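Single-letter residue listing:
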Amino acid sequence: MRTSIGAIAALALLSTAGTAQAGSFVGTDFAEGAENQTIIVDGIGVTLNADPRGVAYQGDGSQGIGVFGGGGDSMIGSVDEFNFAFDTPVYIHELQLGMLHALGEDGDIIDEGVKITTDNGSWIVRAFSAPNGTVLGGQDFGGSLIREGGASYLLTSLNGEDEGNGSLFGGLTTTLRLDPVDAGTWPFFTEFTFKGMTITPAPGTAALIGLGGLTVARRRRR
């Protein structure tokens, strides 16, 4: 029995419209040096602008990535920022940061703070001297800050699937900016690194991504 491309497309819509696979990426998926670059994560284009001097690895990259020079070399500090853009709206489920110190821990003497800005609003996340699993209190933030060991922190969603589809920021996102809350005082700058992120597209968007691949296949067949 022959199956037409149109029938395959219809089946693809049925199979993908209700599900969207989570895609994860880490800082070292981006190349060192470039200020503006794009990677593909499960069919989603993720662009990173490392303003103003390009991406730098912290050591071998296992502690995350930052910006060359600036408030902290190979980190995101004082005058630096990371700007992410997604070519289709996504839900962000996890955001992992590295080298976010607090209260003198690991060498820094001030509370480290990150300002996170998305389509859905802005949040300030500070690293306090806190044990694993401590939930942020007194802040308008729909998630938790979990100590992963060393200077690594994982921001995870507390929302259920019926509340923003488990989104860390309560809804679909096309842009995300990370920058320090304040500059600190020399040589103790507020600084951190980016380690990784987990995202999913909106279910309907996942279906369209699948159809895009079928369109390419159809053109090749012709």
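Values in this document were obtained by computation on a predicted structure and should not be read as measured data.

(A) Local environment of the overall build of the chain. On a plain count of helices and strands, the chain comes out with 2 helices and 15 strands. By the burial criterion, 44% of the 222 residues in the chain qualify as buried. Across the chain, every contact between residues at least 6 apart in sequence was considered, and the portion connecting residues at least 24 apart equals 62%. For the chain, the exposed surface amounts to about 10400 Å²; the carbon and sulfur share of it is 53%.

(B) Highlighting the side chain of Ser152. Note that Ser152 resides in strand β11 (residues 152-157). A relative accessible area of 5% means that Ser152 is categorised as buried. Side-chain polar atoms of Ser152 contact the side chain of Gln96, separated by 3.1 Å.

(C) Representation of the pattern of salt bridges. As enumerated under the stated definition, the model contains 2 salt bridges in all. With a closest N to O distance of 3.9 Å, Arg177 and Asp179 form a salt bridge. By relative accessible area, which is 27% here, Arg177 ends up partly exposed. Look at Asp179 and you get buried, because its relative accessible area is 13%.

(D) A look at the confidence of the model for the chain. Summing up the model confidence of the chain, the mean pLDDT is 75 and the portion of residues at 70 or higher is 63%. Within the chain, helix α1 (residues 5-16) has the poorest average pLDDT of any element, 33, and strand β2 (residues 36-41) the best, 98. In the predicted structure, residues 1-18 sits below a pLDDT of 50 and forms 16 contacts with residues beyond four places in sequence or in another chain. Note that residues 214-220 has pLDDT below 50 and, in this model, 4 contacts with residues that lie over four places away or in other chains.

Cut-offs applied
Just so you know, the residues in each chain are numbered from 1, in the order the chain's sequence is written. With the structure being a predicted model, the display of local features is reserved for residues of pLDDT at least 70 and the display and counting of side-chain atom pairs for 80 or more, all residues being used for whole-chain, interface and lining totals. Side-chain numbers here rest on the full set of heavy atoms in the structure, without hydrogens or water. Secondary structure elements follow DSSP: runs of H or I of four or more residues count as helices, runs of E of two or more count as strands, with numbering from the N terminus. Burial status follows relative accessibility: with a 1.4 Å probe on protein chains alone, a residue under 20% of its type maximum counts as buried, one over 50% as exposed, and anything between as partly exposed. The contact criterion used is simple: two residues touch if any of their non-hydrogen atoms lie within 4.5 Å. Method for areas: the Shrake-Rupley scheme with a 1.4 Å probe, in which residue coverage is limited to the protein chains shown. What qualifies as a polar contact is a pair of N or O atoms within 3.5 Å, subject to a donor-acceptor requirement within protein and to the restriction that residues adjacent in sequence count only when both atoms come from side chains. By definition here, a salt bridge exists when the distance from a side-chain nitrogen of Lys or Arg to a carboxyl oxygen of Asp or Glu is within 4 Å. pLDDT expresses, on a scale from 0 to 100, how confident the predictor is about each individual residue.

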